[in-house]
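Residues per chain, in single letters:
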Amino acid sequence: MTNPKLRDELSEQLCRAVLSLESIEECYQFFEDICTVSELKALSQRLEVARMLDAKHTYDDIVARTGASTATISRVKRCLNYGADGYTLVLERLHAKQDEK
């Protein structure tokens, strides 16, 4: 269940925009325009932290691979354990796509 405080017309528009993208190249184009380089890197880093936590890597391994702070790792872990299950949903779908290859 998503946080109702996040739901508004502008957030809905952003979600629809992301869902309209049809390729990796389109994603790069959109995210390059809508995010700063550091914002995009931070989002990418958090997803990798989530993947590594899900795969039971240690904090030390995660820091070494991603450069994420222990605070970021803890926040992602809290989301995995008590969040809206967005990371879990995406990770499961990425695993399923990987298995198809």
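Above this text sits the structure in question.
A brief report on the enclosed structure follows. (Residues numbered from 1 in each chain as written. Predicted model: local features only at pLDDT ≥ 70, side-chain atom pairs only at ≥ 80, totals over all residues. Heavy atoms only, no water.)

Quick look at the overall build of the protein chain now. Counting its regular elements, the protein chain contains 6 helices and 0 strands. Going residue by residue from the N terminus, the α and β elements of the protein chain occur as α-α-α-α-α-α. In terms of principal-axis extent, the alpha carbons of the protein chain reach across some 40 × 35 × 30 Å. Counting across all 101 residues of the protein chain, residues that qualify as buried make up 13%. Expressed as a percentage of contacts within the protein chain between residues at least 6 apart in sequence, the contacts between residues at least 24 apart total 36%. (Helix = DSSP H or I, 4+ residues; strand = E, 2+ residues; numbered from the N terminus. Buried < 20%, exposed > 50% of the residue type's maximum accessible area, 1.4 Å probe, protein only. Contact = heavy atoms within 4.5 Å.)

It is worth spelling out the packing of aromatic side chains at this point. If you walk through the whole model with that rule in mind, you get 1 aromatic pair. A centroid spacing of 5.6 Å and a plane angle of 70° characterise the contact between phenylalanine 30 and phenylalanine 31, whose relative ring orientation is edge-to-face. Taking the relative accessible area as the measure of exposure, phenylalanine 31 reaches 24% and is therefore partly exposed. (Phe/Tyr/Trp six-rings, centres within 6.5 Å; stacked < 30°, edge-to-face > 60°.)

Attention now moves to the packing of helix H3 (residues 37-54) against helix H5 (residues 70-82). Interhelical geometry of H3 versus H5 gives an angle of 65° and a closest axis separation of 9 Å. As H3 packs across H5, the resulting crossing turns out to be right-handed. Note on element contacts: H5 touches H3 through Thr72, Ile73, Val76, Lys77 and Leu80, opposite Gln45, Arg46, Val49, Ala50, Leu53 and Asp54. Looking at side-chain class alone, the contact of H3 with H5 contains 6 nonpolar, 2 polar and 3 charged residues. (Axes fitted to C-alpha atoms, helices over the stretch in contact; angles between N-to-C directions. Left-handed = near helix turned anticlockwise from the far one by under 90°. Nonpolar A, V, L, I, M, F, W, Y, C, P; charged D, E, K, R; others polar.)

Positive phi is not limited to glycine here, since lysine 56 has a value of about 70°. You can see lysine 56 is positioned in the loop between H3 and helix H4 (59-66). Of the residues examined, lysine 56 reaches a relative accessible area of 71% and is grouped as exposed. Unlike most non-glycine residues, aspartate 85 shows phi in positive territory, near 70°. With respect to the helices, strands and loops of the structure, aspartate 85 is situated in the loop between H5 and helix H6 (86-100).

For the rest of this paragraph, the subject is the nonpolar core. With 10 residues, the main nonpolar core is built from Val49, Ala50, Met52, Leu53, Ile62, Ala68, Ile73, Val76, Leu80 and Leu91. Secondary structure elements with two or more residues in this core: H3 and H5. Considering each element in turn, this core owes the most residues, 4 residues, to H3. Filtering out sequence-adjacent residues up to four positions away, alanine 68 remains in contact with Gln45, Val49, Val63 and Ile73. (Core = buried A, V, L, I, M, F, W, Y, C linked by side-chain atoms within 4.5 Å.)

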